[in-house]
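# Fold and contact review
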Amino acid sequence: MATTTTNVLTISKTGNTTKMAFVSKDTKATIAANIKPVLKKYGVKATLAVRDHRTIVLNVKSGSIDFIENYLADGKCTCADERSLREYRNIQVNPYWFHEHFTGKAKKFLTEAMAALKSAGWYDRSDSMTDYFDTAYYVDINIGKWDRPYEFVKS
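Quick caveat, the model's predicted, so the values are computed rather than measured.

## A word on the overall build of the protein
In terms of helices and strands, the protein carries 5 helices and 8 strands. Ordered by position in the sequence, the α and β elements of the protein form the string β-β-β-α-β-β-α-α-β-α-α-β-β. Counting only residues that meet the buried cut, the protein has 37% of its 155 residues in that class. Once local pairs closer than 6 in sequence are excluded, the contacts in the protein between residues at least 24 apart make up 55%. A total accessible area of about 9600 Å² is found for the protein, and carbon and sulfur atoms account for 52% of it.

Dropping the structure here:
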């Protein structure tokens, strides 16, 4: 029998209770309300989506921050082909290491966006050493998409 709460899906099996990452409509609504001022502050247009009922995804479409050149400028790009990154203009931001791959305004935006995405009761008590994963929900940020490149709009 499965029951849902604000951000956790609880499954009971023979007396054991397992919590799984889960994004409800209420969770998404809370995050949407918290991300809106961040987007406005930085002049960025984005959409919020839920993937597989367990991941909240911020898809950044356009804005006044040149994420692509910022990412390449720090010299830590591990991309096999920088030309490809510039041509297709999309990045899947690593939520654990973005602060080391971006600088300036891009880093400030991503820091505030990540805080807003984690504002709806997010927690992470995972332990990958023991293959134990316990988180309220997962968070992803995409700068552009494979079929829709990020549009840098000079302000």
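## Description of the pattern of salt bridges
Oppositely charged side chains may form a pair once their charged atoms are brought near each other. Under the counting rule described, the total for this entry stands at 5 salt bridges. Asp 66 is the salt-bridge partner of Arg 89, the closest N and O atoms lying 3.3 Å from each other. Within this pair, whereas Arg 89 is found in the loop between helix H3 (82-88) and strand S6 (91-93), its partner Asp 66 is found in the loop between strand S5 (55-63) and helix H2 (67-73), the two being separated by 23 residues in sequence. A salt bridge links Arg 125 to Asp 134; the shortest N-O distance between them is 3.3 Å. Asp 134 sits in the buried class, given a relative accessible area of 8%.

Reading the values: the criteria
- Residues numbered from 1 in each chain as written.
- Predicted model: local features only at pLDDT ≥ 70, side-chain atom pairs only at ≥ 80, totals over all residues.
- Heavy atoms only, no water.
- Helix = DSSP H or I, 4+ residues; strand = E, 2+ residues; numbered from the N terminus.
- Buried < 20%, exposed > 50% of the residue type's maximum accessible area, 1.4 Å probe, protein only.
- Contact = heavy atoms within 4.5 Å.
- Areas by Shrake-Rupley, 256 points an atom, 1.4 Å probe, with all protein chains shown as cover.
- Salt bridge = Lys/Arg side-chain N within 4 Å of Asp/Glu carboxyl O.

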